Amino acid sequence: MSQQNDIEYHIDTLAIRTGHDRTFEGEHSEPIFLTSSFVCENAADAAAKFSGEIEGNTYSRYTNPTVHTFEKRLAVLDGAERAVATSSGMAAVHAVTLAYLKSGDHVVCSRAVFGSIISLFEKYVVKFGVDVTFVDLEDLDAWKQAIRPNTRLLFIETPSNPLAQVGDMQAIADIAHAHGALFAVDNTFCTPILQQPIKFGADLIVYSSTKYIDGQGRALGGAVVGNHKLLEEINGVIRTLGNSMSPFNAWVFLKGLETLSLRMKAHCASAQKLAEWLDAHPKVEKVYYAGLPNHAGHELAKKQQSGFGGVVSFVVKGERQGAWTVIDNTQFLSITSNLGDVKSTITHPATTSHGRMSAEAKQAAGISEGLIRVSVGLEDIDDIIRDIQRGLDLI
């Protein structure tokens, strides 16, 4: 499929057909270029490619055809000009901080983000003279009040991990742009199938492709998506520091993109059923899933998303002991902090994904001891419910 015709096709077709330029071999599936370097025709050709005078591959830390195919396909799905692949989702977030921040700058970040992102900002980014303010994702007044003359970046995750808080992307984008700041959105939970943040004012989109984009828990990777000018800075960071995506992992993610739309629809359908069942269970104190009408972000999620996602979090009675009882009595759900897999996973955020946060930070982020997060896989939903019910009956 030629790039100039991409806009004529629906997203399900784009996820399968875009980005692949067949080689002279005429392959049907995308090839894997497992090579560290590329041979030039002569010294002048090498000099021209290294200087950027002509396009061409020289070294896989800089560019690789398989990685480039993944980047082109992901960018098209997001309605963006460009994507730059990274070695992990956290490498993508780190690249954003290195590309656009300097000593003396200020960042406003939602408290409702993945725990490692909070650690990155609190423990490491601040070491280089960057000040960080954390605010409530849903409190627009707090975002406005946090802005300073030196604010350069506003960062959110929506829906958030693990409480499914929903941020008003257009409103926060307007706040950022009114003050000359960039607006970045972690779109890992929704993927471009359910949500395209650029349509709501985002300058940058960040992904952990380890999650739903892969979909089968096989490979680590990430990406930053945006326009050509902004992404050139990200590309410079990646090629210099070397936290680039491997060709094999890029090929795995390409295969994941081919089935992403089908999988996301199935994840959403099962997660909705689980959330509704949990919401009626007497041992469950609260359910966090934007697909429930009683969720604070339900109407906003309907506006921004085409589906509510596959992650359901809930608080059980008995605090940590109650949560661990539920987790330990599952028989096939995988006890792991990864998510976005065809296999359902279950975890206790307070002692795993958010375990390194201080007690005060956990409290501010709403990470309670009774909280359980389930990434709903593609097993039969009745089996998933029975596996969780087993532990709930023991509380």
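Quick caveat, the model's predicted, so the values are computed rather than measured.

### Here's the deal with the environment of Asp105
1) Next: The residue Asp105 is located in the loop between helix H4 (89-100) and strand E2 (106-110) in this model.
2) Next: For Asp105 and Leu74, which are 31 residues apart along the polypeptide, the C-alpha to C-alpha distance reads 30 Å.
3) Next: Those residues in contact with Asp105 that lie beyond four places of it in its chain are Tyr100, Gly129, Val130, Asp131, Asn150 and Arg152.
4) Next: A polar atom in the side chain of Asp105 sits 2.9 Å from the backbone nitrogen of Lys102.

### Remarks on the packing of H4 against helix H5 (residues 115-124)
1) Next: As a packed pair, H4 and H5 sit with axes 11 Å apart at the nearest point and diverge in direction by 30 degrees. For the element pair H4 / H5, the angle class is roughly parallel. Between H4 and H5 lies a crossing whose hand is right-handed. Contacts between H4 and H5 involve Met90, Val93, His94 and Thr97 from the former and Ser116, Ile117, Leu120 and Phe121 from the latter.

### Some points on the UniProt feature "modified residue: N6-(pyridoxal phosphate)lysine" (unreviewed entry) in the protein
1) Next: UniProt records the feature "modified residue: N6-(pyridoxal phosphate)lysine" (unreviewed entry) for Lys211 in the present numbering.
2) Next: If you trace the backbone, Lys211 turns up in the loop between strand E6 (204-208) and strand E7 (222-226).
3) Next: Accessibility expressed as a relative area gives 18% for Lys211, which makes it buried.
4) Next: Setting aside residues no more than four positions away along its own chain, Lys211 makes contact with Thr188, Asn338, Leu339 and Gly340.

### Looking at the sheet that holds strand E10 (residues 334-335)
1) Next: Read from one edge to the other, the open sheet built from 5 strands follows the order E8-E9-E12-E11-E10, with strand pairing classed as mixed. For this open sheet the edge positions go to strand E8 (284-288) and E10, each flanked by a neighbour on one side alone.
2) Next: Bridge count for strand E11 (residues 345-347) against strand E12 (residues 371-375) is 3 bridges, and the pairing is antiparallel. If you follow Thr347 over to E12, its bridge partner there is Arg373.
3) Next: Contacts from helix H10 (residues 247-279) reach E8, strand E9 (311-316) and E12 within the one sheet, and its direction differs from that of E9 by about 15 degrees.

The rules behind the values
Residues numbered from 1 in each chain as written. Predicted model: local features only at pLDDT ≥ 70, side-chain atom pairs only at ≥ 80, totals over all residues. Heavy atoms only, no water. Helix = DSSP H or I, 4+ residues; strand = E, 2+ residues; numbered from the N terminus. Contact = heavy atoms within 4.5 Å. Polar contact = N/O pair within 3.5 Å; in protein donor to acceptor, adjacent residues only side chain to side chain. Axes fitted to C-alpha atoms, helices over the stretch in contact; angles between N-to-C directions. Parallel < 35°, antiparallel > 145°, perpendicular 65-115°, else oblique. Left-handed = near helix turned anticlockwise from the far one by under 90°. UniProt positions renumbered as here; feature names shortened; annotations may be inferred. Buried < 20%, exposed > 50% of the residue type's maximum accessible area, 1.4 Å probe, protein only. Pairing = 2+ DSSP bridges.

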